[in-house]
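# Notes for the structure review
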Amino acid sequence: MRLAQHPSHQVDYSKSLNFIFNNKRYKGFEGDTLASALLANDALLFTRSFKYGRKRGLMTAGVEEPNALVSLEIGGRYTPNLKATEIMLYDGLSAVSASNPNAFDLRAFIKPLHRFMPAGFYYKTFIKQKVWAKVEGRIRAFSGFSKAPTVEDVDVYDHIFHHAEVVVIGGGAAGISAALEVLNNSQKERVILVDERNQLGGELFNEFSSDEAAKTWLKDSVNRLLSFANEDSERFTLLTQSTAYAWHDQNFIEVLETITTAESLTSSEPQKARKIVHRIRAKEVILATGAHERPMLFEANDLTNIMLSQSVRRYLHEYGVISGKKVVIYGNNDSIYSTAKDLHVNDIECIVVDVRSSDNPIEIVSELKDSGVKVLQGYSIVKALGSHRVKGVEITQTKLQDNNWQVFGDTQTIICDLVATSGGFNPVVHLDCHNGAKTYFDEVSQSFLPQQERDNREVCGAVAGAGAWQDAIIDAKNKAQFTLNALGAVSKLKQEILSENYSNYFNVSQFFTPKEILNKQKVFLDLQNDVTTLDVALSIREGYRSIEHIKRYTAMGFGTDQGKTGNINGIAVAAELLEIPLSELGTTTFRPAYTGVDFGAMAGREIGDFFDPQRYTTIHDSHVASGAEFEVVGQWYRPWYYPETGENMHQAVHRECLAARTSLGMMDASTLGKIDVQGSDAREFLSRIYTNAWMKLAPGNCRYGLMCNEKGMIIDDGVSTCINDNHFIMTTTTGGAASVYSALEMWLQTEWSDLDVHLNSVTDQYSTIAVVGPNARKLMKLLCQDVDFERENFRFMQWRQGTVCGVDARIMRISFSGELAYEINVEANYGRYIWDQVAITGEKWNITPYGTESMHVLRAEKGYIIVGQDTDGSMTPMDVNMSWILAKDKPFSYVGRRSFSISALSAEDRLQLVGLLTKDSSTVIPEGAHVIDNKGKSIGYVTSSYFSPILDRSIAMAQIQGGLAKIEETVLVKIVQKKQGLKEIPCEVSSSVFYDIEGEKVDGND
Amino acid sequence: MLLIHCPYCKESRDQSEFSPAGEAFIARPKSPEGISDEEWADYVFYRTNHKGNHWEQWVHTNGCRKYFLVERSTISHQILQVAPFGARNSETEL
């Protein structure tokens, strides 16, 4: 119900907005939240509860809301599980309850059984009985949360980084006051003020109708802040509708800004960022995060229209909305009288029920009584009446005796349609605790206050215990002086005097937790997860003592609201039942994020093409034109195979392999890592990091090297070329290029800084084209006239400088296939040209481009390892049968050498790389299949497996325990087939060299 | 996410530009063949995993690519000081 217009309302009655909620049309006004607009339309039901399917309505007006979860918009704009209290209304908004309160719900139907569904019910009933997998889907459908999005998010999200001297979190009275104090007393310090709401003021709007001074102060202060923001935007940044959701080490604060405008959300194309994550690094932090009201506990306290007292006030003052005509205001502190006064002023009938006795009369009580408001002191609500919406309350007398609450006497019934409760206040200490602060229980304010002293941080206002806004302002000024002092902006601290008892949260009494109420059913603590006082009692009976364990057993505070309204009451209940003081029990741990953060906002722009770099060689377009299929290696897009019309991968690879073995193939090898190594100690450096000898490698020659780490495990391999005595070009594996480069830099910078060696990554600077096959020499002679290609003059593992088709080139005679092969290296930008020239010139030998798949087959036929496929970081050179590459007489103990003599590395049962030949030559074993012994136990696994076209049979490589001693033995490989099930394939262990065992092919036949 | 001061670039930059590179002052034994398996294992595998102020190596991977020394509290992640390599024998007792 909307009240008559009043200038203190923060909605613009001239701007009417249309929106849809649960398929019904409604009207609201600019400045409304979705929650306030629905209350104004008397649409009170929002959701079905998580476990019992109870119908629930709004409890709060802010971020702490446990019930009113909705999904916003549809399709690519869909966002699940937002709180209706946080969504600013815009024209054309559409939202749906997380779980529709008006639909039939089986859980509500089986109501009589609810008492058999306590905490642990699902676990004991389904998981322990091992039937969870069968019922999980159906139970999850009842979860009370929105459905997950099904289509891609079309919105744009941004990240913005800030640096500031001071960040003030919270834009209520205290935050505004603190920000102004800093700005007014410093010259160049940058200040950022963050507030989760769309306008500054926090709870101050609640004072407007009764306190003209509050109105004046806020208007004046906000104007001053805005003029700072406009005139000195370098110094002051104001972030509204922005929630600081995490505070990390070194005062690194993350803020989520929500931008909702009708234009941006209802148009089909995203206009600008929907949400922005601000990442702020601050020198000093001022926390003015305020406090959340906590509810009072009584039976059926979850009925619709039982709300928090300050929230009722906020709906009334800011939006001119009230959801009842006869209100019971109930609580344990003086703030309830302010609510009563405001309602009374607006001609709404109300009755105040205060658990505290009338021993200490205060002015406002007699004022209210005089004006005709009924005030019952020393009474408590024991039960709310009604099935969905509250229809009345049962009250009884109560008193505090020896620190124990007692309820006694007959119950009376009060008819009402709205209950506003206040059980005290919980300071919003979440962010402080994210960053490692502790809380302490303060008896006076009956709350967990933030740790008092901390470096680079001040707390002020309600989060520090201040109740009245006037005190919050002074407190904030005083604390800001400390901040200014820490920054060196002021040397003499100005401190104003605060009123006495400013931090007692309106004379709050101790938690109202009499056993008579705690033992009742349906006294809800956590409304989102349906946790009651009986659940906490059960967890204690089951033996849990730590609040962290009680939380996990009952799931209290596990919801999207993170128990902002219920947790502290739950802790008080547990303390009462355990009969220990609250200070001893403590709180659960506060962890980021304070409120939900969209995945889209976390990802920002780093999605799609911006998720990871994509690297292409300069020859890429030619591969695309040839119809190549690509695979991603590292970040490189490498041709995988080149299918001709109608060919599948197997057929293409078969053709490509035979071409390279019998005539001529070509491959783009540009992605191999290339590191330029220069300096007078380059040779010494290579011999320290590779296992073999490098001192005598003459210019004009190349050498294969194997690189280990200090643990003695293979990390990389590749060919290095000696350009001259002070200059080598090292090649690495495609995937290992970056990590090898980093490792080499580390050795040079941290251990061998005395070596004269300089490194440079030149992977992108050269294109490498491999020409492979028995006709390679003939082709090279046509391509390059200034190099002598005769067999005895340009030998295997040598390189020559020459001119290929007019382009300067380094030609290496190296081979990863066992065939006669040359690698032509040219400046990268000539890559495409040379590739095309090679292809045209090679046509007479039917030159065939091949991709990574054929490369793998060709190298496996020769038993060449691929580091990372046939090795896994736990393989030594001995394990892959490459002891020949370990130099015996190098003076410097090269990297990894010492580890080879550790006994574990020569154990007989180490996994060793061997070949496997299936008895049935047509069977190709799947890679990863396990090799088993005669007892069925795994003794290793297959690392590489292919069908070899030249051998016309399958070949495989495997790591097998003690494999090198098992050559010619028969082992079994166990595989799972889709239809036939498990199958054991007999294989012969062999050498891993399958083809051209003598190595005769490498010289070609001409 | 830490803010790290690179002693070479002389700027405080976001942690995403840097990579950690293990505990500092783990010197490679001068004569690996001359020491016992235990001493070698101590160098290769064992680290102090210290709780408190701790010297470690970082590298400015997406910057100058220099390795340098960082003293960091492993409790609060506060960075107490940074130093280039070779500063070990200077006035500070690194």
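Residues numbered from 1 in each chain as written. Chains lettered and ligands numbered in written order. Predicted model: local features only at pLDDT ≥ 70, side-chain atom pairs only at ≥ 80, totals over all residues.

## Quick look at the overall build of chain A
Threshold: A helix here means a DSSP run of H or I that spans at least four residues, while a strand means a run of E at least two residues long, and both kinds are numbered starting from the N terminus. Burial in this document is a count-based property: other C-beta atoms within 10 Å of a residue's C-beta are tallied, and the residue is buried at 20 or more, exposed at 12 or fewer, or partly exposed in between, with C-beta positions derived from the backbone. Residue pairs qualify as contacts under a 7 Å threshold applied to their C-beta atoms, which are placed from the backbone.
Scanning chain A from terminus to terminus reveals 26 helices and 47 strands. Taken along the three principal axes of its C-alpha coordinates, chain A extends 120 × 70 × 55 Å. Per-residue burial for chain A yields a buried fraction of 49% across its 1006 residues. Counted over contacts in chain A with a minimum sequence separation of 6, partners at least 24 positions apart contribute 67%.

## Some remarks on the pairing of strand 47 (residues 981-990) of chain A
Worth spelling out the cut-off: At least two bridges found by DSSP between two strands is the condition for calling them paired.
Sheet topology note: the strand 42 (residues 911-918) of chain A/strand 47 of chain A ladder contains four bridges and is antiparallel. Considered in strand 47 of chain A, the bridge of Thr918(A) is made with Cys987(A).

## Digging into unusual backbone geometry
Residue and element names in this part refer to chain A. Cis geometry marks the peptide bond from proline 592 to alanine 593; its omega dihedral reads 0°. Positionally, alanine 593 belongs in the loop between helix 17 (582-585) and helix 18 (599-603). Look at asparagine 81: it is not a glycine, yet its phi comes out positive at around 55°. Position of asparagine 81 relative to the elements: it lies in strand 6 (residues 79-83). A positive phi angle is found at lysine 522, which is not glycine, with a value near 60°. With respect to the helices and strands, lysine 522 occurs in the loop between helix 13 (515-518) and strand 27 (524-526). In this structure lysine 522 comes out as buried when scored by C-beta crowding, with 20 C-beta atoms within 10 Å.

## A word on the sheet that holds strand 31 (residues 665-668) of chain A
All names here are of chain A. The strand order across the open sheet formed by six strands is 38-39-40-37-31-41, and the pairing between neighbours is mixed. Each edge of the sheet is formed by a strand with only one pairing partner; in this case those strands are strand 38 (799-804) and strand 41 (848-849). For strand 31 and strand 37 (residues 766-772), the ladder comprises four bridges, and the chain directions are antiparallel. In the sheet register, aspartate 668 faces strand 37, and the bridge partner there is isoleucine 769.

## As for the interface of chain A and chain B
For clarity, the threshold we go by: As a working rule, the residues Ala, Val, Leu, Ile, Met, Phe, Trp, Tyr, Cys and Pro are called nonpolar, Asp, Glu, Lys and Arg charged, and the rest polar, with Gly in that last group.
With 19 residues of chain A in contact, the opposing surface of chain B contributes 17 residues. Among the elements of the structure, helix 22 (737-751) and helix 26 (897-900) of chain A are those that each provide at least two residues to the side of chain A that touches chain B. At five residues, the largest contribution of residues to the side of chain A that touches chain B is made by helix 22 of chain A. Residues that form the side of chain A that touches chain B fall into these classes: three nonpolar, eight polar and eight charged.

## What about the domain arrangement of chain A?
Selection rule: An automatic or database domain assignment provides the domain bounds reported here.
As far as domains go, chain A holds domain 1 (1-105 + 142-151), domain 2 (106-140), domain 3 (157-291 + 427-487), domain 4 (307-420) and domain 5 (511-585). Computed from C-alpha atoms alone, the centre-to-centre distance between domain 2 of chain A and domain 3 of chain A is 44 Å.

## Structural notes on the packing of helix 8 (residues 309-319) of chain A against helix 9 (residues 335-345) of chain A
Residue and element names in this part refer to chain A. Keep this limit in mind: Between the N-to-C directions of two axes lies an angle of 0 to 180 degrees, each axis being a line fitted to C-alpha atoms and, for a helix, fitted only over the stretch in contact. Convention used here: angles under 35 degrees read as roughly parallel, angles over 145 as roughly antiparallel, angles from 65 to 115 as roughly perpendicular, and any remaining angle as oblique. Crossing handedness follows the turn of the near helix against the far one: under a right angle anticlockwise gives a left-handed crossing, and clockwise gives a right-handed one.
It is at 9 Å that the axes of helix 8 and helix 9 come closest, and there the two elements cross at 30°. Our classification of the angle between helix 8 and helix 9 gives roughly parallel. Like other packed secondary-structure pairs, helix 8 and helix 9 cross with a definite hand, here left-handed. Within the contact between the two elements, helix 8 uses Ser309, Gln310, Val312, Arg313 and Leu316 and helix 9 uses Ser335, Ile336, Thr339 and Asp342. Taken together, the residues of the contact of helix 8 with helix 9 break down into three nonpolar, four polar and two charged.

## Observations regarding the sheet that holds strand 5 (residues 69-72) of chain A
Residues and elements named next belong to chain A. Here we have five strands laid out as an open sheet, ordered 2-1-7-5-6, and mixed in their pairing. Of all strands in the sheet, those bounded by a partner on one side alone are strand 2 (24-30) and strand 6. Between one strand and the next, the sheet's axes are offset by a mean angle of 40°, whatever the strand orientation. Pairing of strand 5 with strand 6, which is carried by three bridges, proceeds in the antiparallel orientation. Bridged to valine 70 within strand 6 is leucine 82.

## Describing the environment of Ile280(A)
Residues and elements named next belong to chain A. Structurally, the position occupied by isoleucine 280 is in strand 13 (residues 275-287). Judged by the 23 C-beta atoms lying within 10 Å of it, isoleucine 280 is buried. Placed 27 residues apart in sequence, isoleucine 280 and isoleucine 253 show a C-alpha to C-alpha distance of 5.0 Å. Residues contacting isoleucine 280, with those up to four places away along its chain left out, are His162, Ala164, Val167, Ile192, Ile253 and Val255.

## Considering the environment of Lys564(A)
All names here are of chain A. Assignment of secondary structure puts lysine 564 in the loop between helix 15 (547-554) and helix 16 (567-578). Considering only alpha carbons, one finds lysine 564 and glutamate 293, 271 residues apart in sequence, at a separation of 9.1 Å. When residues no more than four places from it in sequence are discounted, the contact partners of lysine 564 are Glu64 and His292.

## Focus on helix 24 (residues 831-841) of chain A
Think of an α-helix as turning once every 3.6 residues; residues three or four places apart then point the same way. Filter applied, for reference: The directions considered for the arc run from the helix axis to the C-beta atoms.
Listing the buried residues of helix 24 of chain A in full gives Gly831(A), Ile834(A), Trp835(A) and Val838(A). Projection of helix 24 of chain A onto a plane perpendicular to its axis shows the buried side chains occupying an angular sector of 105°, all on one side.

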